[in-house]
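Chain and residue survey
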Amino acid sequence: MADAMEDAATQRVTMKQREVMVEFMQENNALATGRFTTADGAKIKARLTRAFSDKMNSVADGATKTPDKWMKCWQDWKSDVKKKTGKIRRHLSGTGGGSACRLHLTPLEEKVLQIMGVTGLDTVDPFDAQMEQQQERRENAVEILNPEPSASGSTDVLNLFPLHEVMNVDELINRSSATAVTVPLPEPSPATSDSTDLSVEADHESQRSQRKRKKSEDDSITRSTEAMENLRNSSEALNRLAAIKENRYQLELRKFNMEVAREERLARKEERELELATRTASAIEAMGMAVTAAMQTFQSYLQNK
């Protein structure tokens, strides 16, 4: 059982797994860079590491590793991409010497650089290239000082060159080369046409997805803007309609008040006419009574005479 797990752990990482690895690290930059600034950073790192391992192991026909092995795989890939970028930069800046550089970064490697926060190859600083070259020479010296043990055994470089006799790293590298103790640097293998096509197609698919997502967001913003504009227009139309109805109501109210005032004037006029007619009738009645009394008095006078 242990042998089976060891065989599975040493399987070659497939291109699909590398694509999944880049996608996961793009979504979880803290795990990719190892920068956890919160108090519970250790717990978050452990949880993300387990999720990363589960996602990588779930890829069909791919390698199966423990969480620590997958994190080491990611760190090794970052280191290889950084070294490869340094070589390309040195050639672009003219510090590498020799023939033209035939190395190039694949789309996945460019994404790894973006995750690491490394600037592109179009801006090359000769000083940075020189510093990277010195850094690589120091890393090579560390590899020479700490070689991987082989089955047949090898001579320890520390025994060949005691530290008290070596003044600097460059001298150590030169002296180790003179004694034919060489440790070849691993050259990143060129991507096959199939893997390159898959990487390019995956990159194109990612760009299409981004464009589709951006178009969807733009359409959503446009629809929201149109809805807000329609709502604003509806509100203005309702306000205008309410103002028209208010004006119409005020006009009707004024007409009603004028009609009431006219009726009141007519009523007062009729009252005055009725009062005048009553007074006239009373005067006529009194005059009739006075005429009757006078006639009676005149008749009595005639009879007595």
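Each residue is numbered by its place in its chain's sequence as written, counting from 1. Totals for whole chains, interfaces and linings use every residue, but because this is a predicted model, local features are given only for residues with pLDDT of at least 70 and side-chain atom pairs only at 80 or more, for both listing and counting. By convention in this description, side-chain values take in all heavy atoms of the structure and omit both hydrogens and water.

Further remarks concern the confidence of the model for the protein. Scored from 0 to 100, pLDDT records how confident the predictor is in each individual residue. Per-residue confidence for the protein averages 76 on the pLDDT scale, and 67% of its residues sit at or above 70. When pLDDT is averaged over each element of the protein, helix H2 (residues 15-27) comes out on top at 94 and helix H8 (residues 157-160) at the bottom at 41. Throughout residues 122-127 the model reports pLDDT below 50, and contacts reaching past four residues in sequence, or to other chains, amount to 4 contacts. In what follows, residue pairs with any heavy atoms lying within 4.5 Å of each other are defined as contacts. Overall, residues 176-193 carries pLDDT values under 50, and its contacts beyond four positions in sequence, including any with other chains, amount to 16 contacts. Numbering of helices and strands starts at the N terminus; helices are DSSP runs of H or I of at least 4 residues and strands are runs of E of at least 2.

We now examine a positive patch on the surface. Think of a patch as exposed residues, more than 30% relative accessible area, with no salt bridge, where like charges cluster within 9 Å and nonpolar side chains (Val, Leu, Ile, Met, Phe, Trp, Tyr) cluster within 5 Å. Working definition of accessibility: Shrake-Rupley area with a 1.4 Å probe, residue cover restricted to the visible protein chains. Salt bridge, as used here, is a side-chain nitrogen of Lys or Arg placed within 4 Å of a carboxyl oxygen of Asp or Glu. Positive residues here are Lys and Arg, negative ones are Asp and Glu, while His and the chain termini are left out of the count. Lysine's charge is taken at NZ, arginine's at CZ, aspartate's at CG and glutamate's at CD. A surface patch of like charges, here positive, comprises Arg265, Arg268, Lys269 and Arg272. Within the secondary structure, Arg268 sits in helix H10 (residues 193-304). Only protein chains enter the calculation, and the probe is 1.4 Å; a residue is then buried if its accessible area is under 20% of its type maximum, exposed if over 50%, and partly exposed in between. The class of Arg268 is partly exposed, set by a relative accessible area of 44%.

The subject of this paragraph is a nonpolar patch on the surface. The grouping of Tyr249, Leu253, Phe256 and Val260 at the surface amounts to a nonpolar patch, some 390 Å² of accessible area in total. In this structure, Tyr249 sits in helix H10.

Quick look at helix H4 (residues 41-57) now. Expected helix span is computed as 1.5 Å times (number of residues minus one). Its 17 residues give H4 an end-to-end C-alpha distance of 24 Å, which sits within 8% of 24 Å, the value for a rise of 1.5 Å per residue. Those residues of H4 not exposed but buried are Gly41, Leu48, Thr49, Phe52, Ser53 and Met56. Considered in projection along H4, the buried side chains sweep an arc of 140° and stay on one side of the axis. Structural note: H4 exposes Lys43 and Asp54 on the side pointing more than 90 degrees away from its buried face. Those residues of H4 that are buried are in contact with H2, helix H3 (29-33) and helix H5 (67-93). Picture the helix axis, draw a direction to every C-beta atom, and the arc is the one those directions span.

Each aromatic ring pair is described using two quantities: the centre-to-centre distance and the angle formed by the ring planes. Between 30 and 60 degrees the pair is tilted, below 30 it is stacked and above 60 it is edge-to-face, where a pair is any two Phe, Tyr or Trp rings, Trp via its six-membered ring, whose centres lie within 6.5 Å. Under the criterion given, the structure shown has 3 aromatic pairs. Seen in terms of ring centroids, Phe24 and Phe52 are 5.3 Å apart; in terms of plane orientation they differ by 35°. Their pairing is tilted. One end of the pair, Phe24, is in helix H2; the other, Phe52, is in helix H4, with 28 residues separating them in the sequence. Here Phe24 and Phe52 have matching classes, each one buried. Within the aromatic cluster, the residues linked to one another by ring pairs are Phe24, Phe52 and Trp70. Whether a charge sits over a ring comes down to the Lys NZ or Arg CZ being within 6 Å of the ring centre and within 35 degrees of the ring normal. In this arrangement the basic side chain of Arg18 is found over the ring face of Trp77, its NZ or CZ atom lying 4.7 Å from the centre. Directly above the ring of Trp70 sits Lys65, whose terminal nitrogen or CZ lies 5.8 Å from the centroid.

Moving on: H2. Look at H2: 19 Å from first C-alpha to last across 13 residues, which is about the 18 Å you get at 1.5 Å a residue. Among the residues making up H2, those that are buried are Gln17, Glu19, Val20, Met21, Val22, Phe24 and Met25.

Time to look at the pattern of salt bridges. Pairing between side chains of opposite charge can happen when the charged atoms of each approach one another. Under the counting rule described, the total for this entry stands at 8 salt bridges. Two residues, Glu229 and Arg232, come together in a salt bridge whose shortest N-O distance is 2.5 Å. With Glu229 and Arg232 both in helix H10 and 3 residues apart, this pair spans about one turn of that helix. With a shortest N-O distance of 3.6 Å, Glu263 and Arg262 are connected by a salt bridge. Here Glu263 falls in the partly exposed class, since its relative accessible area comes to 42%.

Moving on, we come to the nonpolar core. Counting residues in hydrophobic clusters, the biggest one holds 25 residues, and the most contacted among them are Met21, Met25, Leu31, Phe52, Trp70, Trp74 and Trp77. Breaking this core down by element, the ones donating at least two residues are H2, H3, H4, H5 and helix H6 (107-116). With 7 residues, H5 is the largest single contributor of residues to this core. Non-local contacts of Leu31, meaning those with residues more than four positions away in its chain, are made with Phe24, Met25, Phe36, Lys45, Leu48, Thr49, Phe52 and Met71. Residues belong to one nonpolar core when they are buried, are Ala, Val, Leu, Ile, Met, Phe, Trp, Tyr or Cys, and are joined through side-chain atoms within 4.5 Å.

This part takes up the packing of H5 against H6. Axis separation between H5 and H6 bottoms out at 10 Å; the angle between their running directions is 100°. Our classification of the angle between H5 and H6 gives roughly perpendicular. Contacts from Trp74, Trp77, Lys78, Val81, Lys82, Lys84 and Thr85 of H5 reach H6 at Leu108, Glu109, Val112, Leu113, Ile115 and Met116. Here the residues of the contact of H5 with H6 sort into 8 nonpolar, 1 polar and 4 charged. Axis lines are fitted to C-alpha atoms, over the contacting stretch for helices. Their N-to-C directions set the angle, which ranges from 0 to 180 degrees. Roughly parallel means an angle under 35 degrees; roughly antiparallel, over 145; roughly perpendicular, 65 to 115; everything else is oblique. Following the grouping adopted for this structure description, the nonpolar residues are Ala, Val, Leu, Ile, Met, Phe, Trp, Tyr, Cys and Pro, the charged ones are Asp, Glu, Lys and Arg, and the polar ones are all others, Gly among them.

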